[in-house]
Amino acid sequence: MKKRLVAGMLVSLMAASMVACGSSSDTATTDTAADAGADTQTEAAEDTAASGDLITVGFAQVGHESDWRTASTNSVQAAFSEENGYDLQFVDCDNDSAKQIEAVRQFIQDDVDYIVIDPIVSTGWDTVLTECEDAGIPVIVIDRTIDDSDKYVSWVGSEFMNEGLAAGTWLKDYAAAKGITDLNILVIEGSNGSSAQIGRTDGFKKIADAEGWTILDSQDGDFTQDGGQQVMESYCKSYEGQFNVVVCQNDNEAFGAMDAMKAAGVSYGVDKDVILISFDACKAGLEYVQSGDINADFMCYPLQGEYCAAIVQQLEAGETVAKQTFMTEPWYVAEDILESITYTNNAGEEVTEELVVVTDAASQASY
Ligand code: AHR
C-alpha cells in the first residue's frame, strides 16, 4: 500500500498532534490504549484483507540485549503481522547507533509507509528525521525518547524518570521501615546515552541527593547480563565490605550482578547483606522477587506493538494522534512491609502508588 502522506500534510498532522499533547492528562493507561488499539487493528485487518494491500512499516529496533527487548520485538512483530495487514521490515541494530541511522535511511530508500524507531541513544536524530519528513514518511518513536528533535508524529513508552524516582522513594521508605540508617549504594547503569539510563539515573539520584545517601559508584552495564556481571565483579573487589545497596537498571544486569555477588560471597535480597533493586519486571525478574533475591523491581512495560499499530491506523484514517502515550507500570516488591509510596513525579504531581507483593510470578508477569 502506498498511501503516502505528502510532506505538507505530514507537517500539519504533526502540528495537530502536538497540540493534543504535552501534559500528563494526555497519558493513556495500558488497558484503555490496548483496548482501543485492538479494536482498530481488527477493523483495519478486515479492510486490508479485503483490499489485498499491505501497509509497509520499517522498524529499527535497539538490539537483543535483554529479556525486555525480546518481549518488545515480539510485541511489535505480532502487531505488524501480515495477518493484520502489514509488511514489516525489521532491523535489529545490535545496540549500534550508526547502524540504526543507516536502517532508517534504508527504510526511506525502500519507500516504506511508516517508520518505527526505538532510539538507542536520545541525541543525534535531527538530520535523519528531517530526511524522513522530506520523504513524507511518518515516524513513530517507541520506548526510549529523542530529545533533540520534534520531527516525529507520536511516541509510546515509559516515563523513565518516574521509575528512578519510585525506586529511590521505595528505598527511602524501606530503609526506614527496616531501621537501616546508613545507605552505601552501587549503581549498574543501562546503556549510557539512552533515555532509559538517563531517566532512571536522574530520578534515583534526585532522591539520593535529597536523603544524603552515598553513591559509591555508578557504571555502565549496557543493559546486559554479561555487563551486569562484569561491573559487579569489579565492584566486589573495589568496594569489598563497603556497600549495602545495589541498583541494577534492568533485570538482566541484576541476574549478572547476582552471579558476581554469589561468587564473591556477598548475600543479597530480603534481610541479607545487600538490598537489590531492579527495573523491567520481566518474568524471570519477578521470580527472583518472589524468592526474595531481588527486593524490588520497577516495571518498564514493553508490549507497545498494539499501541504503535493503533497509531498507524489512526494516521491511515486521517485522525489526529496523541503526541505521547505513557505506559502504566506497577512496582513489585518481595515483602509486605509497605503498602504504597508517595513522591513528586516528573510532571510535578504528588502521586501515591501501590506496591505489589509478588506471590505468584508466573501469573503476575505478562512477559
Ligand atoms: O529501553 C528500555 C530498556 O532497554 C529496558 O529496561 C532494558 O531491559 C532494555 O534493554
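Going by the structure above, here's the rest.
Residues numbered from 1 in each chain as written. Predicted model: local features only at pLDDT ≥ 70, side-chain atom pairs only at ≥ 80, totals over all residues. Heavy atoms only, no water.

Caption draft 1: Quick peek at the overall build of the chain. Of the regular secondary structure elements, the chain holds 12 helices and 14 strands. Every one of the 367 residues in the chain was classed for burial, and the buried ones make up 54%. Here the contacts in the chain between residues at least 6 apart in sequence split such that 74% fall between residues at least 24 apart. Just so you have it, the chain exposes about 14400 Å², and 46% of that area is on carbon and sulfur atoms. (Helix = DSSP H or I, 4+ residues; strand = E, 2+ residues; numbered from the N terminus. Buried < 20%, exposed > 50% of the residue type's maximum accessible area, 1.4 Å probe, protein only. Contact = heavy atoms within 4.5 Å. Areas by Shrake-Rupley, 256 points an atom, 1.4 Å probe, with all protein chains shown as cover.)

Caption draft 2: Spotlight on the sheet that holds strand β9 (residues 275-280). Judged by pairing direction, the sheet is mixed, and its eight strands sit side by side in the order β7-β6-β8-β9-β10-β12-β14-β13 without closing on themselves. Of all the strands in the sheet, just β7 (214-220) and β13 (340-344) have a single pairing partner and so form its edges. Each adjacent strand pair in this sheet contributes to an overall mean axis angle of 20°, direction not counted. Summarising the sheet, strand β6 (residues 184-189) and strand β8 (residues 245-248) pair through four bridges and their orientation is parallel. Bridge pairing in β8 places Val-187 opposite Val-247. (Pairing = 2+ DSSP bridges. Axes fitted to C-alpha atoms, helices over the stretch in contact; angles between N-to-C directions.)

Caption draft 3: Representation of the side chain of Arg-144 within the structure. With respect to the helices, strands and loops of the structure, Arg-144 is situated in the loop between β4 (139-143) and β5 (154-157). Given the relative accessible area of 2%, Arg-144 is considered buried. Those residues within four positions of Arg-144 in sequence are excluded, and the remaining contacts are Val-62, Glu-65, Arg-69, Asp-118, Pro-119, Ile-120, Trp-155, Phe-160, Ser-194, Ser-195, Ala-196 and Phe-223.

Caption draft 4: Representation of the nonpolar core within the structure. Counting residues in each nonpolar core, the largest one holds 56 residues, and the members touching the most others are Phe-80, Met-232, Phe-243, Val-246 and Met-261. Setting aside anything within four residues of it in sequence, one finds Val-246 in contact with Leu-186, Met-232, Met-261, Val-274, Ile-275, Leu-276 and Ile-277. Formed by 29 residues, the second largest nonpolar core is a distinct cluster that contains Ile-277, Leu-338, Ile-341 and Leu-355. (Core = buried A, V, L, I, M, F, W, Y, C linked by side-chain atoms within 4.5 Å.)

Caption draft 5: Fine view of the pattern of salt bridges. Scanning all chains against the criterion turns up 15 salt bridges. A salt bridge links Asp-126 to Lys-151; the shortest N-O distance between them is 3.1 Å. In this pair, Asp-126 is assigned in helix α5 (residues 126-134) and Lys-151 in the loop between β4 and β5, connecting sequence segments 25 residues apart. Residue Lys-151 is classed as partly exposed on the basis of its relative accessible area of 23%. The salt bridge partner of Lys-283 is Glu-287, with a shortest N-O separation of 3.4 Å. Of the two residues, Lys-283 and Glu-287 both sit in helix α10 (residues 283-290), four residues apart, roughly one turn of that helix. The exposure class of Lys-283 is partly exposed, given its relative accessible area of 37%. (Salt bridge = Lys/Arg side-chain N within 4 Å of Asp/Glu carboxyl O.)

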